[in-house]
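# Results of the structural survey
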Amino acid sequence: MRLYTVIHLESLLQKHHNYSSISTKRNKQLFIDKCNWFISHIIKSQIKSEKGLGELVNIASKVLKETMGNKYNAVVEALVDIEVVYMNKKYSSGKFTKSYALKKNLDEGDYSIVEVSNKVFRNKLRESNANLAKESESNPVLHKINLNTLKIQLTNNPGIYLWEFPLKQSPLKHGMLVWREDHVQQRLNKYDAYFKAFRSLNNASDLNELYQLPIFFQPKINQLGRVYHIGASMPRLIRKICVTKSNELIYEVDMASAQPSLLILEWIRSLDKMSDEATKCLKLVANGAVYKYLVDNSEVLKDMEYGKMKKEILTTLNGEYKPTKLYKELKKLLPELMRWIDNIKFKEGYKKVSHRGQSAEATIFVEVYKNLPEDMFSLLIHDCILTTELKTQVVQERLIERVRQLYKDVIPNELNIDRLFKTDKVSVVRWVDNS
């Protein structure tokens, strides 16, 4: 059973009464184990919510009490006082809990992964993990995701992501100071934490080892049908340096312009008859060209980096109503679609727009995923499915078939929708042994 720790944690704790006043070595080890569990739980919560290590995450006191016991405050107080953890004490009973983050100046050299020392505490964590594993086994989709997560290994190529985080240089009298902006360093810390932890899974072959991974969290299906799990939260650049344990490169089959495309299909379904705009939009969906059409016809989007462009479009479609320049452009390009979206926002609340898209996405991808052959590698990542190169055609065909089945009242049989799903290589390197 392994957990994150901060280098020299015991030396730091020696200065705090909550630790120095403990009389026995055994109880001191237990206190440190609980500190490491809390540090690990913060990192796990940040990874789960796709936040950097310096960003706050809400953790309920009930969760802390269940694992660390009634005196959990002694551990939290010590870590806050020695400035390993930052705590935002604001909370609202029944609405939101206190939030925590690791110290903002933490870098990749400040933490490591260690074994749990105290036997009783180690057994308690293992029993908790075993119960969680049993719970997920009762759900075929979650169990399948866990089993396929075990089929991944992380290559020894951290440079693939390191070079993505820009360095800053400042001239000094005798040379140069090289550093990273705080917000950049926080993102890099998250990558390093994920890299170190996931590499320890490379030799694992059973679910107990998966559940003992310090960043592992219980997979969950939300009320919209979307599945959240450790593989889905894996940063994109980390995913690039993964291969299967049989050393096959990983590919993805994903839906082109997924959220806008699904909103368009939902909108067309609501119409009594096809309009010229609906016909145009359906053709864009079939060709996987929704984003391209919007970029080609927008002054706001035309020179924007892809990730930012996608975010701007989704924020405009799914967010609160704001008459921005981009909104006005979309309203001009697709007036009927935008009128339908605005109507949902005003009558049902703006969140219902994204809920429609995510629910439709889950209805397609989860159903296809759970029916894929058990002996093939496959992993569900929201609007895409990871697999190996030879199996991409199987996945693509089943996704197309599923969309046709769900939207048979919208998509005519003669309309070719092969371009709605595209295949891309995820892995950029094969396994490199670091022995």
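### Things to note about the layout of surface pockets
Roughly 2,100 Å³ of internal volume is contained in the largest pocket. As for the largest pocket, its lining consists of 49 residues, of which E50, R236, R239, G307 and K310 are closest to the centre. Only α9 (182-199), α11 (236-239), β12 (250-255), α12 (258-270), α15 (306-318), α18 (351-370) and β15 (421-425) provide two or more residues apiece to the lining of the largest pocket. Each residue belonging to the lining of the largest pocket can be placed in one class, and the counts come to 17 nonpolar, eleven polar and 21 charged. Each pocket or cavity is described by its volume, and for the second largest pocket that value is around 910 Å³. Taken together, 30 residues make up the lining of the second largest pocket; nearest its centre are W37, H41, K44, V63 and L132. At the level of secondary structure, the elements contributing two or more residues to the lining of the second largest pocket comprise β1 (2-6), α3 (25-48), α4 (61-68) and α6 (119-137). Its residues assigned to classes, the lining of the second largest pocket comprises 14 nonpolar, nine polar and seven charged.

### So, the sheet that holds strand β3 (residues 85-88)
In spatial order, the strands read β2-β4-β3; together these three strands make up an open sheet with antiparallel pairing. Of all the strands in the sheet, just β2 (57-58) and β3 have a single pairing partner and so form its edges. In terms of strand pairing, β3 meets strand β4 (residues 99-102) through four bridges, oriented antiparallel. Across the sheet, the residue bridging to Y86 is A101, located in β4.

Rules used throughout
Residues numbered from 1 in each chain as written. Predicted model: local features only at pLDDT ≥ 70, side-chain atom pairs only at ≥ 80, totals over all residues. Heavy atoms only, no water. 1 Å grid on protein atoms, 1.4 Å probe; cavity = no way out; pocket = protein on both sides within 12 Å on 5 of 7 lines; lining within 4 Å. Points joined across faces, edges and corners; volume = space filled by probe spheres on them. Helix = DSSP H or I, 4+ residues; strand = E, 2+ residues; numbered from the N terminus. Nonpolar A, V, L, I, M, F, W, Y, C, P; charged D, E, K, R; others polar. Pairing = 2+ DSSP bridges.

Note that every value here comes from positions in space, so none of it alone points to a role or purpose.
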